[in-house]
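Single-letter residue listing:
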Amino acid sequence: MFYEKECNLCTIYMDTIMVFNRLIYIVLFLLPSLALSADSSHGSVPHLNGEGLAIFWVIPFVGILLSIAVFPLVAEEFWHHNFGKISLFWAASLILPFLVSQGFKITVYEILHVGLLEYIPFIILLLALFTISGGVRLKGTLVGTPTLNTIIIFVGTALASWMGTTGAAMLLIRPLIRANSKRKNKVHVIVFFIFLVANIGGSLTPLGDPPLFLGFLKGVNFFWTTSAMFAPMLFLVVCLLIIFFALDTYLYRKEGQLEVDHSQKEKIGLDGSFNLLLLAGVVGGVLLSGFWKPQISIEIYHVHIELQNIVRDILLLLLTYCSWVMTSKEIRDQNEYTWFPIIEVAKLFAGIFVTIIPAIAILKAGTKGALSTVVASVSNNGEPINYMYFWLTGILSSFLDNAPTYLVFFNTAGGDPNFLMNSIPNTLLAISAGAVFMGANTYIGNAPNFMVKSISESSGIKMPSFFGYFFKWAVPILMPLFIIVTYIFF
């Protein structure tokens, strides 16, 4: 928030140009290796063997995740001005030794593989959802009664699976804050909003939450998530809405009737509603890449990029551009829209996706790899222990980041989407549910959590600290429900 308050349009523009310039430099650096792709059909695909990797190769991955967890707590202003450099440091701390240890070909192949097939589509989807949802503004006079608050949170929860937890949270958090501006007790409103809209609501589609989109990119069917996650999500949503309504009703009655200035009453409506059509286009683009299989691809240094994925990403970028040029500046100003959140995510996740390369390779090696104890803890004689997958994925998602955590355990379970969906669907469900549900345990569990906290604090709401949120809210409310979910589903 320190950076956001200082940002003006020129600064945002220069930051954006800087990011693109760095990407261009990287591409130019890699051009010599790309030229080798002409001969790729005559040679073997470079392969990183996880069996030969020592555990210390995971240090950069752990380092960047711990940096994300610790720096915002102990040096917030320093972090907001230097997170890109910290991410670059951890990425370089892996790449440079990797070039010496594994050689140029394997290092370039692994970076291109994760960049072209996972990182770029991931960032493009987030960019589209963030930009388009930032062009929609819910206006009108709202009064924060328990009924209205519950309705707003329920609507956000329902929208989150289709416009992303980031999109739904950014669309509704400011109207919710305005509705409760005269309430004395409103921290619990924001906390339950984080629980449901910023996390659990994104359970039903790959659009909803980043880990599920990574699963979709790996080959998990779009609607498998919808059918498999519906029951546990419904259980949590119903329980949390009942708890919230009871708590909000109790606190509302203690405060007495709210005074409303009817002379300034404004009708409820939407500004920038055409962006909802663009969001439908985003859904259509993602669905297109899942169902259209033309069997055409281009190859860049052994990495095959399928035509349907190229078309999807171009479509999402076009929709993003349309939203940006067609939405009035006034709407985005009223939504306090800046590029900072997406730039932050792009820089941090570039480091995360690079440093996770050896961790995934080691996990793919199974019991022959350096993380054999992790593999052994989630399986018994080769059979997956689903409740362990749920809790290990969830705990790491709570304190690190749910997208790479999902990827780690997805690969631990074998990494074959067809096998996971058809032969051991409860294991894939446990991984998916752990990553999405338990991202709500802390502010850093999912990207929208911290964004909602920052927006709330800028509006004068004193949010609990990192540990206050975890111990006062997540532990007593979420943990008992997760234990019940474990017994019912896993």
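Being a predicted model, the structure only gives us computed values, none of them experimental.

Q: Just give me the short version of the overall build of the chain, but keep the residues and values in it.
A: Each helix and strand counted, the chain has 20 helices and 6 strands in total. In the chain, which comprises 490 residues, the proportion classed as buried is 55%. Excluding contacts between residues fewer than 6 apart, the proportion of contacts in the chain whose partners are at least 24 apart in sequence is 81%. Working note: accessible area of the chain is about 21300 Å², and carbon and sulfur atoms make up 66% of it.

Q: How would you sum up the packing of helix α5 (residues 104-133) against helix α6 (residues 146-179)? Please name residues and give values.
A: Axis separation between α5 and α6 bottoms out at 9 Å; the angle between their running directions is 20°. Between α5 and α6, the crossing angle belongs to the class labelled roughly parallel. Like other packed secondary-structure pairs, α5 and α6 cross with a definite hand, here right-handed. Counted together, L129, F130 and S133 of α5 and M163, G164, T166, G167, M170 and L171 of α6 form the full contact between these two elements. Taken together, the residues of the contact of α5 with α6 break down into 5 nonpolar, 4 polar and no charged.

Q: I'd love a proper account of the pairing of strand β3 (residues 297-300), names of residues and values included.
A: As paired elements, β3 and strand β4 (residues 303-306) share 4 bridges and run antiparallel to each other. By the bridge assignment for β4, I300 is matched with V303. Linking β3 to β4, which pair antiparallel, is a turn of 2 residues; within it Y301 sits at a positive phi near 50°.

Q: Tell me about the pattern of salt bridges, and name the residues and values.
A: Counted according to the given criterion, the structure contains 5 salt bridges. The salt bridge partner of R183 is E255, with a shortest N-O separation of 2.9 Å. Of this pair, R183 sits in the loop between α6 and α7 (187-196) while E255 sits in helix α9 (residues 222-255), and the two are 72 residues apart along the sequence. Just as R183 is buried, E255 falls in that class too. Of the charged contacts, one joins R312 and D313 as a salt bridge, the two residues approaching to 3.1 Å between their closest N and O atoms.

Q: Provide a residue-level description of the confidence of the model for the chain, including the pertinent values.
A: Summary statistics for the chain give a mean pLDDT of 82 and a share of 89% for residues scoring 70 or more. Confidence, expressed as mean pLDDT per element, reaches its minimum in the chain at helix α1 (residues 2-6) with 41 and its maximum at α7 with 96. Low pLDDT (under 50) marks residues 1-14, which in the prediction has 18 contacts with non-local residues, meaning those over four places away or in another chain.

Q: Run through α6, naming residues and quoting values.
A: With 34 residues, α6 should reach 50 Å at 1.5 Å per residue; the first-to-last C-alpha distance of 11 Å falls well below that figure. The sharpest bend along α6 reaches about 125° and sits at M163. For α6, the tally of buried residues reaches 25 of 34 residues, placing the bulk of the element in the interior.

Q: Describe helix α13 (residues 340-364), and please don't skip the residues or the numbers.
A: Look at α13: 35 Å from first C-alpha to last across 25 residues, which is about the 36 Å you get at 1.5 Å a residue. At I357, α13 shows its largest kink, close to 35°, and the proline P358 lies no more than four residues downstream. Counting buried positions over the 25 residues of α13 gives 22, a clear majority of the element. One or two residues past the end of α13 sits G366, with phi positive at roughly 65°.

Q: I'd love a proper account of the packing of aromatic side chains, names of residues and values included.
A: Overall, the coordinates contain 24 aromatic pairs when judged by the stated rule. For the ring pair F71 and F78, a centre distance of 5.9 Å and an interplane angle of 40° mean the geometry is tilted. On the basis of an interplanar angle of 75° and a centroid distance of 4.9 Å, the ring pair of F470 and F471 is categorised as edge-to-face. Its relative accessible area of 52% is what places F471 among the exposed residues. Taken together, the ring pairs connect F192, F195, F244, Y443 and Y469 into an aromatic cluster. Positioned above the aromatic ring of Y443, the side-chain terminus of K453 is 5.2 Å from the ring centre.

Scoring rules and cut-offs
Residue positions are given per chain, counted from 1 along the sequence in the order it is written. Side-chain atom pairs in this predicted model are given and counted only at pLDDT of 80 or more, local residue features only at pLDDT of at least 70, and totals for whole chains, interfaces and linings cover all residues. The side-chain values count all of the structure's non-hydrogen atoms but skip hydrogen atoms and water molecules. A helix here means a DSSP run of H or I that spans at least four residues, while a strand means a run of E at least two residues long, and both kinds are numbered starting from the N terminus. Categorising residues by exposure relies on relative accessible area from a 1.4 Å probe, with only protein chains included: less than 20% of the type maximum marks a residue as buried, more than 50% marks it as exposed, and the intermediate range marks it as partly exposed. Contacts are assigned to residue pairs that have any heavy atoms within 4.5 Å of one another. All accessibility values rest on the Shrake-Rupley procedure with a 1.4 Å probe; residue burial counts only the protein chains present in the view. Inter-axis angles, ranging from 0 to 180 degrees, are taken between N-to-C directions of lines fitted to C-alpha atoms, where helices are fitted over the stretch in contact. Should an angle fall under 35 degrees it is called roughly parallel, over 145 degrees roughly antiparallel, and 65 to 115 degrees roughly perpendicular, with every other angle called oblique. Left-handed is the label given to a crossing in which the near helix is rotated counterclockwise from the far helix by less than a right angle, and right-handed is the label when the rotation is clockwise. For this scheme, ten residues count as nonpolar: Ala, Val, Leu, Ile, Met, Phe, Trp, Tyr, Cys and Pro. Four count as charged, namely Asp, Glu, Lys and Arg, and the remainder, Gly too, count as polar. Each pair of strands is called paired provided DSSP finds at least two bridges between the two strands. In what follows, salt bridge is the name for a side-chain nitrogen of Lys or Arg lying within 4 Å of a carboxyl oxygen of Asp or Glu. pLDDT expresses, on a scale from 0 to 100, how confident the predictor is about each individual residue. Multiply 1.5 Å by the residue count of a helix minus one, and that product is the helix's expected span. Take the seven residues that end at a residue and the seven that start at it, fit an axis to each, and the angle between those axes is the bend at that residue. Two aromatic rings from Phe, Tyr or Trp, using only the six-membered ring of Trp, form a pair when their centres are within 6.5 Å; if the ring planes differ by under 30 degrees the pair is stacked, by over 60 it is edge-to-face, and anything between is tilted. Whether a charge sits over a ring depends on NZ of Lys or CZ of Arg being within 6 Å of the ring centre and within 35 degrees of the ring normal.

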